[in-house]
Amino acid sequence: MAIAAAGALALTACTSGSDDAQGGGGSDGSEGNAGSEGGDSDEEVLEKPDLGDITTKDGQITYSVGEVEWESYNDETSATNSVYNSVVNDQLRENFAYFGTDGTVFPNEDFGTYEKTSDDPLTVEYTISDDAVWEDGTPITANDYLLQWASSNPAALFPEEEEGGEFDPVSDTFGVQVPEGPETEVDSKTFTLTYPDPYPDWELVPTAPLPAHVLAGEIGVDPAEFAQQILDRDTANMADAAEFWNTGWTFDGGDLPDPALVPSSGPYTLNGATWNSPESLTLVPNENYYGPPPATKNLTFRFTAPEAMVQALQNGDINIIEPQPDVDTVQAIEGMGDGFELITGPTLTWEHLDFNFIDSSPFADKNGGLAAREAFAMCAPRQQIVDNLIKPVDPEGVLMNLREVFPFQDDYEETVEAAYDGRYDEVDIEGAKAKLEESGLETPLDVRIGYSQPNQRRTNEVSAIKSSCDEAGFNIIDGGDAEFFAAGGPLEVGDYDIAMFAWAGSGQVASGEPIYSTGGGQNFGKYTNEEVDAAWDTLASSNDPEVWKEQRKVIEKLLWDTLYGIPIFAHPGVVGADAAIDNVYFNSTQTQIAWNAEQWVRAE
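Draft legend 1. Structural view of the layout of surface pockets. Within this model, the largest pocket holds a volume of roughly 920 Å³. If you trace the largest pocket, you find 35 residues lining it, with Ser-152, Asn-153, Asp-172, Thr-173 and Val-176 closest to the centre. Broken down by secondary-structure element, the contributors of at least two residues to the lining of the largest pocket are helix H4 (173-177), helix H16 (513-516) and helix H17 (530-540). If you tally residues by element for the lining of the largest pocket, the top one is H4, at four residues. Grouping the amino acids of the lining of the largest pocket by side-chain chemistry returns 13 nonpolar, twelve polar and ten charged.

If you want it as structure tokens, here you go:
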């Protein structure tokens with residue numbers, strides 16, 4: 001996606017490329033960048049290259065991030081915020097900025113410009129290009145950002161004493177950090193955001209907007225009137241707006257929406273697209289796009305299971321894949337000859353096991369509590385998982401003992417030293433037995449580990465955990481489910497004891513707050529801790545890197561002491577590509593290799 005929901009990470013439904021969905025980071029993230037200029041370039045690219053005058057070439061390029069279908073034009077709800085949706089929507093919705101290959105934020109001046117005009121208070125002025133229009137010809141204006149602000153449930157529109165009819169955003173950052181909303185006029189091409197407190201990720205707060213005029217039309221309100229209602233804090237139509245925003249842009253597989261409902265502001269469009277459910281979705285050029293036209297006429301997203309990706313690449317059924325980072329896949333791509341390219345690099349996506357804290361879970365504080373969580377942490381063979389499943393792909397792979405700082409980042413060792421004493425690095429079966437007895441729970445204790453299937457590596461992880469933890473008094477149950485990440489699926493409704501998946505980030509400073517804070521939109525297991533909340537408040541309201549560093553130490557220690565969950569490893573990024581396709585560059589962020597898919601083109 002051009003930018004993930006500010007303050008949120010993309011949920012990587014953890015199959016195929018999404019399992020390795022690149023998480024943005026610092027400059028280390030650009031290591032291993034390779035271009036596909038004939039399959040032999042080591043050129044390092046940070047931002048989208050200037051291709052000069054572009055004439056869209058006939059043909060098709062096919063890409064797969066995994067087997068889960070695109071389902072929603074709005075990927076900013078708690079139910080639809082996944083890499084599977086965002087990689088498609090990146091081509092349909094533009095914004096002021098995008099993530100480069102190492103997580104650096106670069107301006108998108110075809111869309112508009114922005115400028116910080118004050119540090120106290122933090123104030124940013126935005127100007128949308130006069131040429132920037134929705135595909136139906138409607139100008140992109142501040143109205144669209146007013147809707148985006150409203151959809152974050154700001155207190156000015158949704159005071160605590162008035163409940164019901166709210167939006168379901170994956171992140172409420174816009175509403176919290178900019179409580180008074182955009183300062184603007186209806187239909188204006190400019191708006192100003194004022195932050196009462198400093199905010200480190202301010203460049204990422206306005207994300208790629210949705211068309212406010214479409215939503216207004218769907219709820220029977222004049223678009224200008226709807227924008228004015230937001231400015232006036234008039235909530236008369238907010239419940240209807242929220243209902244449509246939450247569900248109206250989500251579709252059944254194969255059922256292409258009315259083009260009027262999903263106008264594009266990006267290089268490709270759904271107008272004239274082909275959706276062959278459950279196999280593929282093919283986008284076509286947006287003829288009213290104000291930026292450089294796409295380099296290739298048709299961009300196809302194939303929904304392919306990870307175990308079938310490499311063969312599909314070799315057969316020419318898919319041109320670019322982001323498969324599982326396992327040694328067999330790497331060796332297979334390397335062995336395919338000069339016609340194919342293996343592109344690798346570090347990512348800021350991390351594997352983790354998250355406990356469920358709802359009342360029915362054995363790990364809830366009212367049941368087995370911390371002792372039960374400690375027992376599981378003692379028996380989980382994390383080092384064995386890294387040694388057997390990650391090091392064969394990345395010999396430098398290590399056990400990951402943090403969540404907000406990665407092993408290849410400068411502050412990692414210092415933060416680990418302050419936050420974690422290594423007590424769960426090695427399996428301790430006897431200690432786990434004692435802790436499980438202390439919990440008061442009957443044994444063998446059934447524990448269902450939920451994850452998205454098919455995913456052979458995760459199946460292997462669960463198998464390794466079962467072999468170890470069953471000895472300590474657990475009965476580990478493989479809860480793999482193809483619908484695990486679906487709207488209304490096990491993760492969303494809390495139908496698991498431990499969830500195994502990965503978060504994909506993009507170099508944001510405060511992106512973890514919705515995951516670990518009380519009531520956070522990505523806090524699926526309902527963890528709550530007042531000290532963690534306070535530390536996040538301090539971090540997220542500062543622009544001082546030293547404050548960020550110290551608060552990360554506090555947060556990490558609290559998350560270990562209370563066992564929110566257990567990190568396992570950082571994902572190595574693996575991409576396989578047809579070497580005849582130019583402009584394929586590894587991206588360490590959650591935008592994936594498809595961050596510049598509109599520039600992909602077959603070499604002359």
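Draft legend 2. Highlighting the sheet that holds strand E5 (residues 112-119). An order of E5-E6-E7 is seen for the three strands of this open sheet, with the pairing classed as antiparallel. Each of the sheet's edge strands pairs with one partner strand only, and the pair in question is E5 and strand E7 (190-195). Mean inter-strand twist for the sheet, computed between neighbouring axes without regard to direction, equals 15°. Inspection of the sheet shows E5 paired to strand E6 (residues 122-128) by seven bridges, in the antiparallel sense. Looking across to E6, one finds that Lys-116 is bridged to Val-124.

Draft legend 3. Here's a closer look at a negative patch on the surface. On the surface, a cluster of negative charge is contributed by Asp-187, Asp-222, Glu-225, Asp-232 and Asp-234. Along the chain, Asp-234 turns up in the loop between helix H6 (223-231) and helix H7 (238-247).

Draft legend 4. Seen up close, the pattern of salt bridges. As enumerated under the stated definition, the model contains 26 salt bridges in all. A salt bridge links Lys-466 to Asp-470, with the nearest nitrogen and oxygen atoms 2.7 Å apart. Classification of Lys-466 as partly exposed rests on a relative accessible area of 33%. For Asp-561, the salt bridge goes to Lys-557, with nearest N and O atoms at 2.8 Å. Here Asp-561 and its partner Lys-557 are both found in helix H18 (residues 545-562), four residues apart, which amounts to about one turn of the helix. Take Asp-561: its relative accessible area is 36%, and that puts it in the partly exposed class. The class of Lys-557 is partly exposed, set by a relative accessible area of 38%. What you see here is one network of salt bridges that share partners, running through Asp-411, Glu-414, Glu-546, Lys-549, Glu-550 and Lys-553.

Conventions used here
- Residues numbered from 1 in each chain as written.
- Predicted model: local features only at pLDDT ≥ 70, side-chain atom pairs only at ≥ 80, totals over all residues.
- Heavy atoms only, no water.
- 1 Å grid on protein atoms, 1.4 Å probe; cavity = no way out; pocket = protein on both sides within 12 Å on 5 of 7 lines; lining within 4 Å.
- Points joined across faces, edges and corners; volume = space filled by probe spheres on them.
- Helix = DSSP H or I, 4+ residues; strand = E, 2+ residues; numbered from the N terminus.
- Nonpolar A, V, L, I, M, F, W, Y, C, P; charged D, E, K, R; others polar.
- Pairing = 2+ DSSP bridges.
- Axes fitted to C-alpha atoms, helices over the stretch in contact; angles between N-to-C directions.
- Patch = residues over 30% accessible without salt bridge, like charges linked within 9 Å, V, L, I, M, F, W, Y side chains within 5 Å.
- Areas by Shrake-Rupley, 256 points an atom, 1.4 Å probe, with all protein chains shown as cover.
- Salt bridge = Lys/Arg side-chain N within 4 Å of Asp/Glu carboxyl O.
- Lys, Arg positive; Asp, Glu negative; His and termini not counted.
- Charge placed at Lys NZ, Arg CZ, Asp CG, Glu CD.
- Buried < 20%, exposed > 50% of the residue type's maximum accessible area, 1.4 Å probe, protein only.

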